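# Coordinate inspection notes
Chain by chain, the residues run as shown.
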Amino acid sequence: MRRSDRQLNEESALKIIDESQYATLSCIDENGQIFSIPISIVRDGMSIFIHGAKTGSKARLYKDGKSVELVAVSQNRVPTPSYEFCESIKDSASELGGKVFTTEYLSAIAKTKAYEVAQNSQKIKALELLCKKYTPNYMDYFDTAALGLLNKMNIYELKIEHLSAKAKIIK
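What follows deals with the overall build of the chain. Assigned secondary structure in the chain consists of six helices and eight strands. When the helices and strands of the chain are placed in sequence order, the string is β-α-β-β-β-β-α-β-α-α-β-α-α-β. The C-alpha atoms of the chain give a radius of gyration of 20 Å, which is well past the 16 Å a tight globule of 171 residues would have. Its C-alpha atoms give the chain principal-axis dimensions of about 65 × 40 × 25 Å. Classification of the 171 residues of the chain by burial places 35% in the buried group. Looking at the chain alone, contacts between residues at least 24 apart form 79% of all its contacts between residues at least 6 apart. For the chain, the exposed surface amounts to about 10400 Å²; the carbon and sulfur share of it is 50%. Here the chain contributes 24 positively and 21 negatively charged side chains, and the mean placements of these two sets differ by 3 Å.

Written out as structure tokens, the structure is:
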């Protein structure tokens, strides 16, 4: 990492993954092309779970230990300093660049291996985790939906092999 002053620890990386609303997954397909997709994720231990259709790129690629990189951002904000503050640093290009014309963020990258989940009990557990994260107010209806849709989707486990994270927070 070029900016070691922005580097975060593994615990922070996992928290960023947990707090992100979505992540982008990327891998190289069988033709050597980059395949990237934004997707809803949930983490359990050192595994990340996603769902997808039974056909298509995810079904074709996310199995058999395929290398997949995940990028998650849990915070992204452009600062809005006061006019007075900008006036106080108006002659300093580095201050303006670092505190006005910039973005604050928390981001994590996970290098993973992807596997299709085969057992129904594991699929249901992963679906339940996803639903608790994204639709917690509707869990009374989870069993009906999960059992009715389980055979119409695939669940994938992305086993984390390496994590890195960084942040820029203006003080």
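There's more to say after this.
Moving on: the pattern of salt bridges. Inspection of every chain in the model, using the stated rule, returns nine salt bridges. Where lysine 15 meets glutamate 19, a salt bridge forms, and the shortest distance between an N and an O atom there is 3.8 Å. Residue lysine 15 and its partner glutamate 19 are located together in helix H1 (residues 10-19), separated by four residues, close to a single helical turn. Classification of glutamate 19 as partly exposed rests on a relative accessible area of 43%. The salt bridge involving glutamate 95 is made with lysine 99; its shortest N-O contact spans 3.2 Å. Of the two residues, glutamate 95 and lysine 99 are both situated in helix H4 (residues 93-99); the distance of four residues between them amounts to about one turn of the helix. On the accessibility criterion, lysine 99 (30% relative accessible area) is partly exposed.

Here we take up the nonpolar core. Core analysis: the largest hydrophobic core is formed by 29 residues, its most contacted members being Ile17, Leu25, Ile41, Tyr62 and Leu70. Taken together, the elements giving at least two residues each to this core come down to H1, strand S2 (23-28), strand S3 (34-39), strand S5 (47-53), helix H2 (57-61), strand S6 (66-77), strand S7 (104-116) and strand S8 (153-168). No other element matches S8, which puts six residues into this core. In this view, isoleucine 17 contacts Ile41, Arg43, Ile48, Leu70, Ala72, Ala108, Ala110, Lys133 and Leu163; residues no more than four positions away in its chain are not counted. Formed by eleven residues, the second largest nonpolar core is a distinct cluster that contains Val42, Val117, Ala126 and Ile155.

As a further point, take a nonpolar patch on the surface. A contiguous nonpolar patch, built from Val71, Val73 and Ile109 and spanning about 200 Å² of accessible area, is present on the exposed surface. Overall, isoleucine 109 belongs to the partly exposed group, its relative accessible area being 34%.

Okay, helix H5 (residues 120-134) next. Here H5 spans 21 Å end to end across 15 residues, near enough to the 21 Å set by a 1.5 Å rise per residue. All buried positions along H5 are accounted for by Lys123, Ala126, Leu127 and Leu130. Down the axis of H5, the buried side of the element spans an arc of 100°, and every buried residue falls inside it.

All right, on to unusual backbone geometry then. The backbone of aspartate 64 sits at a positive phi, close to 55°, despite the residue not being glycine. With respect to the secondary-structure elements, aspartate 64 resides in the loop between H2 and S6. You can call aspartate 64 exposed: its relative accessible area is 70%.

Structurally, the position occupied by isoleucine 170 is in the segment after S8. Beyond its immediate stretch of four places on either side in the chain, isoleucine 170 contacts Pro79, Gly98, Lys99, Thr102 and Glu104.

Here is what the cut-offs are and how they apply
- Residues numbered from 1 in each chain as written.
- Predicted model: local features only at pLDDT ≥ 70, side-chain atom pairs only at ≥ 80, totals over all residues.
- Heavy atoms only, no water.
- Helix = DSSP H or I, 4+ residues; strand = E, 2+ residues; numbered from the N terminus.
- Rg over C-alpha atoms; globule rule 2.2 N^0.38 Å.
- Buried < 20%, exposed > 50% of the residue type's maximum accessible area, 1.4 Å probe, protein only.
- Contact = heavy atoms within 4.5 Å.
- Areas by Shrake-Rupley, 256 points an atom, 1.4 Å probe, with all protein chains shown as cover.
- Lys, Arg positive; Asp, Glu negative; His and termini not counted.
- Charge placed at Lys NZ, Arg CZ, Asp CG, Glu CD.
- Salt bridge = Lys/Arg side-chain N within 4 Å of Asp/Glu carboxyl O.
- Core = buried A, V, L, I, M, F, W, Y, C linked by side-chain atoms within 4.5 Å.
- Patch = residues over 30% accessible without salt bridge, like charges linked within 9 Å, V, L, I, M, F, W, Y side chains within 5 Å.
- Expected span 1.5 Å × (residues − 1).
- Arc of directions from axis to C-beta.

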